Amino acid sequence: MDPDTMREDGGDVYWRRRMSVLVAVLVVVAVVAWACSSGGSGPERKSSAQSSPSATPTTDPLLAGLRTLAMGTASPTPTPSPSTPTPVARHKRPGEPCAEEDLVLSLQAGKDKIYAAGAQPAFVVTLVNTGPVMCTADVGPRAMEIRITSGADRIWSTADCVSGPGTDIKQLQRGVPYVRTLSWDRRRSSSDCRSTPAVALPGTYVATVRLGKLRSTKGVFHLR
């Protein structure tokens, strides 16, 4: 074989081997690059991204509980209730029954607070209307009762043994007192209307006047 031909053939073989090695290296580099790029989007990457604290926001259990409690206990907006109108005071008409708060009741004993034997105690009862208009009141012996007591003993009352209805309706003008005078015969009275009531014994007695819930001051006197 020609030596020149052998050198030419040997040179070709050498360059073919060099090119094969170079191609092999490029293939390896390409494979490695592909593996790295595919590994970044593979399952392991995805799993790591899911386990990363910044990938999925976490909720603090304490904050969640506070939010739930606040939502459950938040008071609703109160619905304004309709305001109740203030009742207007009705003007009283003349002739209507007197209101007790418009009446002033008083009793005065006689001049002699110590009564000798046989002397009858005398009393003066006054009832005054302080209301704005004329009104009516029952001043009969049952409604406006004069009572005499001695300690806890009920001695005498105008409400005992009343004949007839016992009512006496009077018109009371504003500021004009109704006056009633009476004397006591010093005998006891009772609801059973005894024909011969007992005579009251000497001692200290108290007289008062009652009209509904009204009470006069006490009039103290003595019998001899």
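Reading guide: rules and limits
Residues numbered from 1 in each chain as written. Predicted model: local features only at pLDDT ≥ 70, side-chain atom pairs only at ≥ 80, totals over all residues. Heavy atoms only, no water. Pairing = 2+ DSSP bridges. Helix = DSSP H or I, 4+ residues; strand = E, 2+ residues; numbered from the N terminus. Axes fitted to C-alpha atoms, helices over the stretch in contact; angles between N-to-C directions. 1 Å grid on protein atoms, 1.4 Å probe; cavity = no way out; pocket = protein on both sides within 12 Å on 5 of 7 lines; lining within 4 Å. Points joined across faces, edges and corners; volume = space filled by probe spheres on them. Nonpolar A, V, L, I, M, F, W, Y, C, P; charged D, E, K, R; others polar. Salt bridge = Lys/Arg side-chain N within 4 Å of Asp/Glu carboxyl O. Buried < 20%, exposed > 50% of the residue type's maximum accessible area, 1.4 Å probe, protein only. Core = buried A, V, L, I, M, F, W, Y, C linked by side-chain atoms within 4.5 Å. Contact = heavy atoms within 4.5 Å. Disulfide = S-S within 2.5 Å. Phe/Tyr/Trp six-rings, centres within 6.5 Å; stacked < 30°, edge-to-face > 60°. pLDDT = per-residue confidence, 0-100.

**Things to note about the sheet that holds strand 8 (residues 178–183)**
In step 1: Sheet architecture is open: three strands sit in the order 1-3-8, paired in antiparallel fashion. In the strand order of this sheet, the two ends are held by strand 1 (103–109) and strand 8, each with one partner. Across the sheet, the mean angle separating the axes of adjacent strands is 15° when strand polarity is ignored.
In step 2: Note that strand 3 (residues 122–129) and strand 8 share six bridges and pair antiparallel. Opposite Val125, over in strand 8, you have Arg180 as the bridge partner.

**So, empty space enclosed by the protein**
Gaps between atoms show up when a probe of the same size as a water molecule is rolled over them.
In step 1: Following the criterion strictly, the structure yields one cavity of 30 Å³ or more and no others.
In step 2: Here the largest cavity defines a volume of roughly 60 Å³.
In step 3: Around the largest cavity, the lining is made up of 13 residues, and of these Lys92, Pro97, Asp102, Val133 and Cys135 lie nearest the centre.
In step 4: Its residues assigned to classes, the lining of the largest cavity comprises seven nonpolar, two polar and four charged.

**A short note on the pattern of salt bridges**
In step 1: This model, assessed by the stated rule, comprises five salt bridges.
In step 2: The salt bridge partner of Arg147 is Glu145, with a shortest N-O separation of 3.0 Å. For the residue pair Arg147 and Glu145, the accessibility class agrees, reading buried in each case.
In step 3: The class of Glu145 is buried, set by a relative accessible area of 9%.
In step 4: Counted as one network, the salt bridges with shared partners bring together Glu145, Arg147, Arg154 and Asp160.

**A word on the nonpolar core**
In step 1: Ranked by size, the top nonpolar core spans 28 residues in total, and within it Leu127, Met144, Ile148, Trp184 and Phe221 carry the most contacts.
In step 2: Sorting the residues of this core by element identifies strand 1, strand 3, strand 4 (135–138), strand 5 (144–150), strand 6 (153–157), strand 8, strand 9 (203–211) and strand 11 (219–223) as the ones contributing at least two each.
In step 3: For this core, the element with the highest residue contribution is strand 9, accounting for four residues.

**Focus on the environment of Ala116**
In step 1: Along the chain, Ala116 turns up in the loop between strand 2 (114–115) and strand 3.
In step 2: As a C-alpha pair, Ala116 and Pro202 span 86 residues in sequence and 9.4 Å in three-dimensional space.
In step 3: Residues contacting Ala116, with those up to four places away along its chain left out, are Arg186 and Arg224.

**So, the state of the cysteines**
In step 1: Under the defined criterion, the tally for this structure stands at one disulfide.
In step 2: Disulfide pairing is shown between Cys98 and Cys135; the S-S distance is 1.9 Å. Measuring handedness by torsion sign, the sulfur bridge of Cys98 and Cys135 sits at about 95° and is right-handed. Of this pair, Cys98 sits in the loop between helix 3 (61–73) and strand 1 while Cys135 sits in strand 4; the two residues are 37 residues apart in sequence, bridging distant segments of the chain.

**Some points on the packing of aromatic side chains**
In step 1: Scanning the model with the defined rule gives six aromatic pairs in all.
In step 2: With a centroid separation of 5.9 Å and 85° between ring planes, the pair formed by Tyr115 and Phe221 is classed as edge-to-face. Of the two residues, Tyr115 is situated in strand 2 and Phe221 in strand 11; the sequence distance between them amounts to 106 residues. Both residues of the pair, Tyr115 and Phe221, belong to the buried class.

**Some thoughts on the confidence of the model for the protein chain**
In step 1: When pLDDT is averaged across the protein chain, the result is 76; 58% of the residues are at 70 or more.
In step 2: When mean pLDDT is taken per element in the protein chain, strand 4 scores highest with 97 and helix 2 (residues 43–51) scores lowest with 44.
In step 3: For residues 1–8, every residue scores under 50 in pLDDT, and the model assigns this stretch one contact once sequence neighbours within four places are set aside.
In step 4: Across residues 40–57, where pLDDT falls below 50, the model places four contacts with residues more than four positions away in sequence or in other chains.

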